Amino acid sequence: MQSVYIQPIFRFVLQTLHNAGIDNTKNFDEDEEDELRLLSTEAILKWAQKREGLKSSHPRSRFIQDAKVKEFIEWLKEEEEDDDDDDDEDDEDNDDED
C-alpha cells in the first residue's frame, strides 16, 4: 500500500539521483559525466529492462508502469542512442583522417 504514495514521486527521485553530482556549468564528455552521477544511465536502463518483462501485476513492475517513469526511461534511451550515434560519427571522422 505504501507504493501508492511513492509512485507519483518516483520519477522525480530517479531523475534527481541521475542528475546529482553533475555541475551543469562545466563541459564534461559523456563518460566523465556518467561517472559523476549518483545513478548512471546504464544502471537505470538495466533496472527498467529487468522490470519491463514482468507482468503488470508483479510487485517489482509497479514503478515501471507509471507513465512519468516510462517517459523518463524513453528519454534516457533516446539520449543514449544519440550519444552512440555521435560516437560513431567521431569514429568515422577519425578514420577519414588516416
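Here's a quick rundown of the structure. (Residues numbered from 1 in each chain as written. Predicted model: local features only at pLDDT ≥ 70, side-chain atom pairs only at ≥ 80, totals over all residues. Heavy atoms only, no water.)

1. Topic: a nonpolar patch on the surface
Move 1: Together, Ile9, Phe12, Val13, Leu17 and Leu38 line one region of the surface with nonpolar side chains, adding up to about 490 Å² of accessible area.
Move 2: Mapped onto the fold, Leu17 is located in helix H1 (residues 3–19).
Move 3: By relative accessible area, Leu17 is classed as partly exposed at 35%. (Patch = residues over 30% accessible without salt bridge, like charges linked within 9 Å, V, L, I, M, F, W, Y side chains within 5 Å. Areas by Shrake-Rupley, 256 points an atom, 1.4 Å probe, with all protein chains shown as cover. Salt bridge = Lys/Arg side-chain N within 4 Å of Asp/Glu carboxyl O. Helix = DSSP H or I, 4+ residues; strand = E, 2+ residues; numbered from the N terminus. Buried < 20%, exposed > 50% of the residue type's maximum accessible area, 1.4 Å probe, protein only.)

2. Concerning the side chain of His18
Move 1: Structurally, His18 can be placed in helix H1.
Move 2: Under the relative-accessibility criterion, His18 is labelled buried at 2%.
Move 3: Leave out the neighbours within four places in its chain, and His18 touches Arg37, Leu39, Ser40, Thr41, Ile44, Phe72 and Leu76. (Contact = heavy atoms within 4.5 Å.)

3. With respect to the pattern of salt bridges
Move 1: Here the structure, examined in full by the defined rule, presents four salt bridges.
Move 2: Note that Glu71 and Arg11 form a salt bridge whose closest N and O atoms lie 2.7 Å from each other. Linking Glu71 in helix H4 (residues 67–97) with Arg11 in helix H1, this pair joins segments that are 60 residues apart in sequence.
Move 3: With a relative accessible area of 46%, Glu71 lands in the partly exposed category.
Move 4: The buried category is assigned to Arg11, whose relative accessible area is 17%.
Move 5: In this structure, the salt-bridge partner of Lys77 is Glu52, at a minimum N-O distance of 3.5 Å. Of the two residues, Lys77 sits in helix H4 while Glu52 sits in helix H3 (residues 41–52), which places them 25 residues apart along the sequence.
Move 6: Classification of Lys77 as partly exposed rests on a relative accessible area of 28%.
Move 7: Taken together, the shared-partner salt bridges connect Glu52, Glu74 and Lys77 into one network.

By themselves, these are just geometric observations and shouldn't be taken as functional.
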